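Structural overview for review
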Amino acid sequence: MMFDVPKILDIIKTRNAKIVGLQFPEGLKRQGPALAKEVEDKSGALVIISGDPCYGACDIDEGLLGIVDVLFHFGHSRMMDDERIVFMEYYHDVDVERAVINALPLLGRKVGVTTTVQHIHKLDEIARTLKNADREPIIAKGDSRVTYPGQVLGCNFSAVPEGVDSILFVGTGNFHPMGMRLARRVPVVAADPFTGEARLVDIEKIVKQRYAIMAKAMDAKKWGIIVGMKPGQRRMGLAKHIKDLAGDAVLISIREITPDRLQSFKVDAFVSTACPRIAIDDAGRFPAPVLTPIEFEILKGKRKWEDMAFDEIKGG
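Keep in mind it's a predicted model, so treat the numbers as computed, not measured.

If you trace the four strands from one edge of the open sheet to the other, you get 2-1-3-4, paired in parallel fashion. With partners counted over all chains shown, the strands left at the sheet margins are strand 2 (46-49) and strand 4 (85-88), one partner each. Neighbour-to-neighbour, the strand axes of the sheet open up by a mean angle of 20°, direction not taken into account. Each of strand 1 (19-23), strand 3 (70-74) and strand 4 touches helix 1 (residues 5-15); the most contacted strand, strand 3, lies at about 160° to it. Contacting strand 1, strand 2 and strand 3, helix 2 (residues 32-43) runs over the sheet at an angle of about 165° to strand 2.

Shown next as structure tokens:
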């Protein structure tokens, strides 16, 4: 689906916006200059594109937001209520039926159906394909952080239903289905609509990796507690809670959390209260172990080892 230029122009006109911001996830950035030129030519407004990384609806360019009349944030569904931000969803018009059919032999009869916003418009088609194959699709509503029933985020699986035999995730990548597998402890089948491939999600490798990192942090004396500064990732209350449990600890605020930026802090281990992906995606590159809050609480005896779960950022 192309960008909805008429809608963008209408919003600019209605708001009498003179300076307009455009923010894109990495996969859409290359289309930014052409869209910016078209919007400028047709609206007369000055358009500024955010050049900072953008990983989700939680990742708003607050610096750019402060100097524009309206900020169009592309590729993600609404997460926060701010009248200055217009969330412009972006859908992939790809055939999902083949991937769902290939997933059928791996699914139980009662199936929780999930996907990301890029394929959310295909949810009815996914459910219909399952029904035609004598499956019972269950689509659940998530919390306030989630816009649509059946939608999952990298940090929130509240729309994953309970009491099902298996979960079907239609989308790409490993992170979402892996998180769901840890969150619900039932089989998760990932179906890629672009390749048609369907596979049962195996979390054994990642669980072993996380246990190994926790073991490295077992004897840590000095802790760095990371406070994420992106608007949808700030969990200051949780950071204070972790600091109280840690004893010798320092709070560190960071917007872009990278191995290089942690290098200067002489601590034995970190706990990240920002995006749950941070501790996992770059696990082997950090200068010291980086734990999730749940992993830290296990080390401190506040949770049992068998209660290992994926860290989620919950809404209301």
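On to helix 5 (residues 123-132). Within the span of helix 5, buried status applies to L123, I126, A127, T129 and L130. The arc that holds every buried residue of helix 5, seen down its axis, measures 160°, which confines them to one face. Facing away from the buried surface of helix 5 by more than 90 degrees, the exposed residues are D124, K131 and N132. Where helix 5 is buried, its residues touch helix 4 (97-103), strand 5 (110-115), strand 6 (136-138) and strand 7 (166-170).

The next subject is the packing of aromatic side chains. Any two aromatic rings considered together are summarised by their centre-to-centre distance and by the angle between their planes. Within this structure, the stated rule accounts for eight aromatic pairs. Taken together through their ring pairs, the aromatic side chains of F3, F24, F74 and Y90 make up a single cluster. In this structure, R277 packs its charged tip against the face of F175, placed 4.1 Å from the ring centre.

On to the pattern of salt bridges, then. Counted according to the given criterion, the structure contains 22 salt bridges. The salt bridge partner of D59 is K230, with a shortest N-O separation of 2.9 Å. Here K230 lies in the loop between strand 10 (223-228) and helix 8 (236-246) and D59 lies in the loop between strand 2 and helix 3 (62-65), a separation of 171 residues in the sequence. For D59, a relative accessible area of 0% corresponds to the buried category. In this structure, R184 engages E162 in a salt bridge whose closest nitrogen and oxygen atoms are separated by 3.8 Å. Highlighted residues: R184 in helix 6 (residues 175-184) and E162 in the loop between strand 6 and strand 7, separated in sequence by 22 residues. Exposure remark for E162: the relative accessible area of 61% places this residue in the exposed category.

Counting residues in each nonpolar core, the largest one holds 22 residues, and the members touching the most others are I8, I12, V20, L22, L35, F72 and F74. Elements that contribute at least two residues to this core include exactly helix 1, strand 1, helix 2, strand 3 and strand 4. Here the element with the most residues in this core is helix 1; it accounts for five residues. Core analysis: the next-biggest nonpolar cluster, separate from the first, contains 20 residues, W223, A249, V271 and I298 among them.

Definitions and cut-offs
Residues numbered from 1 in each chain as written. Predicted model: local features only at pLDDT ≥ 70, side-chain atom pairs only at ≥ 80, totals over all residues. Heavy atoms only, no water. Pairing = 2+ DSSP bridges. Helix = DSSP H or I, 4+ residues; strand = E, 2+ residues; numbered from the N terminus. Axes fitted to C-alpha atoms, helices over the stretch in contact; angles between N-to-C directions. Contact = heavy atoms within 4.5 Å. Buried < 20%, exposed > 50% of the residue type's maximum accessible area, 1.4 Å probe, protein only. Arc of directions from axis to C-beta. Phe/Tyr/Trp six-rings, centres within 6.5 Å; stacked < 30°, edge-to-face > 60°. Lys NZ or Arg CZ within 6 Å of the ring centre and 35° of its normal. Salt bridge = Lys/Arg side-chain N within 4 Å of Asp/Glu carboxyl O. Core = buried A, V, L, I, M, F, W, Y, C linked by side-chain atoms within 4.5 Å.

In short, geometric facts, not functional conclusions.
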